[in-house]
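Observations on chain architecture
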Amino acid sequence: MTESSTNPWKTVRQSVVKMLSDVFCVSQDVVALSIEKPPDSALGDLASTIAFSLAKERKNSPVAIVNELLPKLEAVAAEDPLIKEVKTKGPYVNIFLDHGKMAELTVGSVLKYAGTYGRSEEFKNQRALIESPAVNPSKPWHIGHARNAILGDTLCNILDWVGYDAVRLDYINDLGLQIAQLIWKLMQVEEDGDDTKYDHYLGHLYVQVQETFDNSESVQEEIREVSRKLEDLESPEAKLSAKMVTRCLKAQCETSYRLGIYHDYQVWESAIAHCGILEIAQKMMLESDNIIRLDEGEKAGCIVADLSVIDEFKDMKDPYKILFRSDGTRTYTGADVALQLWKFGIIDDPFKYSIFEKQPNDQTVMRTDLQGKKGNLGKFDIVMNVIGSRQAHPQKMVYTILDILGYSKESDNSHHIAYEFVGLENVDFSGRHGTWIGYTTDDVLDKATELARVEVEKRNPDENDAFKNNVANQVAIGAVRYFMLNASPDRQITFRWNEALDFNGDAAPYIQYSHARAQRIMEKAEGESVSNLDLTILSGDAEFELVKAIAQFPEELLEVARSLKKNVWGTSFTSNRITAYAYGLANLFSKFYDSCPVLKAEPDVRASRLALVSAFKMTIANCLIVLGIPVVNRM
RNA sequence: GGGCGCGUUGUCUAGUCUGGAUAGGGCGCCAGCCUUCGAAGUUGGAUGUCGCAGGUUCGAAUCCUGCCGCGCCCGCCA
């Protein structure tokens, strides 16, 4: 019996690498780099281009090198049960795996690990903090905010699956200009009596304020006054603001929960302003030679970071980045640096916490609260901020200043998970101008649910409403999440209804459907006892292609985690790699489904195919869970 | 002015970091497959100067240089 593995593909790969390394007398690292997937499975399951790199130093043609060693290669391969044969084609070494043994290893492993298949420990004992989506508590989420939230949530899932202790943080800016504008307005309008969702109500109110604001200097002055009063927590303005922000945030959370997105912590700007963290940070900064209070020039009185100590910025005309203004107040960069120091545990946790609310997943989300209890978030090894790529420069400033302060390791471990914005045809989303109206995340989910409901109705006319509504909801959520994740984050999206809500082809319902089909087969065979299960008879092409894909799931998640590397503009997160994997896996199951009858097959074949269906079902379900796409049994 | 990202078929896009075998998909279009585990499925077909021009290499969508188009960023703002 073949051993089981939490990562079957890695097991196979290592086996192949070792073989090639021995035969070609090259280190395993070098061989590993030469391994690739052949473009066509008729050319093998794995291939190596090692001969190309050896040609020069061995003064021989790649083809000759390969042919010379072929007999030895064949002899070694014969020893390994996982390898069926090795062939050469030109300079390529093509490796063909043993179908039966692969099936046994893979299916056996999945059935053994079940709900944890795909989890690995490469990044264990490390803590990751993910901040997302940080929407101002003054408006409903528009579809661009959903992109942030869905990317952040899925990133967190992936980090969790590869071994990190991953914590979800949201940042609530309850002291911004937008809040002051709304408070100014709210202090003069009647309390709303209608049942408009509160974040939507505020969003519309905010659009109204803009016109007044732009056309009246006296109004601008009044709002600035409100802004000042908000900093005094005992003022009526601040008290109204606390109420408004809480109510708005709860309304926004409803949207978040619809998408299956939950948080562990919220850090509020008002808490940052009053808990003492800024004073601590300022003192710490001034102890550094590179953070100084300027005495003269345009920026006299400001506390600034001297960027010229960093090579990249040494030629700047004005290398001083302001952290605290001449009136002593913080800039965004200043506060961000303080917060980043807190995230890494460099500043001891200065916050007090209270429960914001209990979420539908039964977990409570904690908020920073000046009236709360002392807490300790602890240290994090890596910090990821999911923010639009427009903020690449400000984010880079924060990380650079960490470096200047002497925390270069923490700077390296600070990641800006950058994504491009979602736009409409010819229009940007703007809170000010109300271009989000009609494109809120709630609107999109509602519309998606409505369309899904029509499709569910067509296929399940006899089911009850509860069933139809539930499935429509699951399909809608899946479609929206998949749409956001399947677009490479560094690509701008133009939101078009027919694309976002297309339920055919490369989309979530296809994947959910493949799971439902597998589920159906399993239901029909439920309770059957199997003796002498022989997985090695799963050797047909459709079966083998499915087995191979299942084997690669753990490695796919790891590859995404490993490729979270810093670039000039931010850290790339290839969420689309997992959606593509899920689609490919579902596609191979569809092909298997069409060409390999399960329930009608001969008893021994039937038993092994049932095991394969079960392994597929577990793998695709785990993959959907990572993507946050609902797993559907019937649709 | 400086910097960053994007440019692949009618259309949307994967692949680019780490060069390798006929550039994969989806939608749309054309022609098949439901008395057989659910057709939200599947099989086959047509459609490409990988923005342009050079260069490096045995080999370039991928690396280098220059250019073009689109978007974005460079405040004691927020």
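Up top is the structure these notes are about.
First things first, this report covers the structure right here in the doc. The shown structure was predicted, so the numbers you read here are calculated from the model rather than taken from an experiment.

Here we look at the nonpolar core
Most often, soluble globular proteins keep nonpolar side chains buried together rather than apart. Counting residues in each nonpolar core, the largest one holds 118 residues, and the members touching the most others are Leu 20, Phe 24, Ile 95, Met 102, Ile 130, Leu 159 and Ile 550. It is helix α23 (residues 603-627) that contributes the most residues to this core, 11 residues altogether. In terms of domain composition, this core takes at least three residues from each of domain 1 (8-97) and domain 3 (446-627). Phe 24 has contacts with Ile 50, Leu 54, Arg 58, Ile 65, Leu 69, Leu 73 and Val 93, leaving out every residue within four places of it along the chain. Judged by nonpolar contacts, the second largest core, of 72 residues, contains Leu 129, Leu 249, Trp 342 and Leu 405.

Things to note about the packing of aromatic side chains
Within the structure shown, the criterion is met by 21 aromatic pairs. Where Phe 589 meets Phe 592, the ring centres are 5.9 Å apart and the plane angle is 40 degrees; that geometry is what we call tilted. Taken together, the residues span about one helical turn, with Phe 589 and Phe 592 both in helix α22 (residues 575-595) at a distance of three residues. On the accessibility criterion, Phe 589 (0% relative accessible area) is buried. With a relative accessible area of 1%, Phe 592 lands in the buried category. Clustering of aromatic rings is evident, with ring pairs tying together Phe 429, Tyr 439, Phe 483, Phe 495 and Trp 497. Cation over ring: Lys 250 sits above Phe 356, and NZ or CZ is 5.4 Å from the ring centre.

Focus on the pairing of strand β7 (residues 265-268)
Where strand β6 (residues 165-172) and β7 come together, four bridges link them in parallel fashion. Bridged to Leu 169 within β7 is Tyr 265. Taken together, the two bridges between β7 and strand β12 (residues 364-368) define a ladder with parallel strand orientation. Paired with Gln 266 across the strands is Arg 367, a residue of β12.

Section: the pattern of salt bridges
Between side chains of opposite charge, a pair can form when the charged atoms approach closely. On inspection of all chains with the given rule, the structure shows 39 salt bridges. Between Arg 432 and Asp 214 there is a salt bridge; the shortest N-O distance is 2.7 Å. Taken as a pair, Arg 432 in the loop between β16 (422-423) and α16 (441-459) and Asp 214 in helix α8 (residues 198-215) lie far apart in primary sequence, 218 residues in all. One salt bridge connects Glu 543 with Arg 609, and the closest N-O pair in it is separated by 2.7 Å. Remark: Arg 609 occurs in helix α23 and Glu 543 occurs in helix α20 (residues 541-551); sequence separation between them is 66 residues.

Reading the values: rules and limits
- For every chain, the first residue of the written sequence is number 1, and numbering continues from 1 along that sequence.
- Just so you know, chain letters begin at A and ligand numbers begin at 1, following the order they were written in.
- Where totals are concerned, whole chains, interfaces and linings use all residues; where local detail is concerned, this predicted model gives features only for residues with pLDDT of at least 70, and gives and counts side-chain atom pairs only at 80 or more.
- Think of the side-chain values as coming from all heavy atoms in the structure, minus any hydrogens and water.
- We define a nonpolar core as any set of buried Ala, Val, Leu, Ile, Met, Phe, Trp, Tyr and Cys residues linked to one another through side-chain atoms lying within 4.5 Å.
- The rule is simple: take the accessible area with a 1.4 Å probe, protein chains only, and divide by the maximum for that residue type; under 20% is buried, over 50% is exposed, in between is partly exposed.
- Here a strand is any run of E in DSSP of at least two residues, a helix any run of H or I of at least four, and the numbering for each starts at the N terminus.
- Residue ranges labeled as domains rest on an automatic or database domain assignment.
- Residues count as neighbours in contact if any of their non-hydrogen atoms are within 4.5 Å of one another.
- The pairing test for Phe, Tyr and Trp rings, Trp by its six-membered ring, is centres within 6.5 Å, and the orientation test on the planes gives stacked under 30 degrees, edge-to-face over 60, and tilted for anything in between.
- Whether a charge sits over a ring comes down to the Lys NZ or Arg CZ being within 6 Å of the ring centre and within 35 degrees of the ring normal.
- In short, DSSP must find at least two bridges between two strands for them to pair.
- The salt bridge definition used is simple: a Lys or Arg side-chain nitrogen within 4 Å of an Asp or Glu carboxyl oxygen.

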